[in-house]
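Residue-level structure breakdown
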Amino acid sequence: QVQLVESGGGLVQAGDSLRLSCAASGRTGNAMGWFRQGPGKEREFVAAIGWISGTTYYADSVKGRFTISRDNAKNTVYLQMNSLKPEDTAVYYCATAPLWGSRRSSDFGSWGQGTQVTVSS
């Protein structure tokens, strides 16, 4: 069973940047993804990366502002978030999936505990 631990969240102002980290212990699936859940909202897909290929895909709402990357040696996935907006405020979760390509949270398992990102206007 893989364990995922997110870190790097915080309180920032609109336009600022943050980098989230997700450290994995154990065997992950072929894809690693980031999701987020804002207050009163459903959990939504943010970005994902192929663990071996490094191929990425993003939600339209973050494309061009967020970058997902991974460090295989450190078993860690990152989410660089630039030009943050108040609507990016959410708890951010990382998760792993056996197959690359899905945006559905139900296809991802082994969720981390989440890290809070708050963007003030």
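Note that the structure is predicted; figures quoted are calculated from it, not measured.

**Focus on the packing of aromatic side chains**
The relative placement of two aromatic rings is captured by the distance of their centres and the angle of their planes. Counted under the stated rule, the structure contains six aromatic pairs. Seen from their ring centres, Tyr-93 and Trp-111 are 6.3 Å apart, and the 80° between their planes marks the pair as edge-to-face. Of this pair, Tyr-93 sits in strand 9 (residues 90–97) while Trp-111 sits in the loop between strand 9 and strand 10 (115–120), and the two are 18 residues apart along the sequence. According to the relative accessible area criterion, Tyr-93 is buried, its value standing at 14%. On the basis of relative accessibility, which here comes to 28%, the residue Trp-111 falls in the partly exposed class.

**Description of the state of the cysteines**
Applying the stated rule across the entire model yields one disulfide. Cys-22 shares a disulfide with Cys-94; S-S distance 2.0 Å. Handedness here is read from the sign of the S-S torsion; for Cys-22 and Cys-94, about 60°, the answer is right-handed. Here Cys-94 lies in strand 9 and Cys-22 lies in strand 3 (residues 18–25), a separation of 72 residues in the sequence. You can call Cys-22 buried: its relative accessible area is 1%. With relative accessibility at 1%, the residue Cys-94 sits in the buried group.

Here is what the cut-offs are and how they apply
Residues numbered from 1 in each chain as written. Predicted model: local features only at pLDDT ≥ 70, side-chain atom pairs only at ≥ 80, totals over all residues. Heavy atoms only, no water. Phe/Tyr/Trp six-rings, centres within 6.5 Å; stacked < 30°, edge-to-face > 60°. Helix = DSSP H or I, 4+ residues; strand = E, 2+ residues; numbered from the N terminus. Buried < 20%, exposed > 50% of the residue type's maximum accessible area, 1.4 Å probe, protein only. Disulfide = S-S within 2.5 Å.

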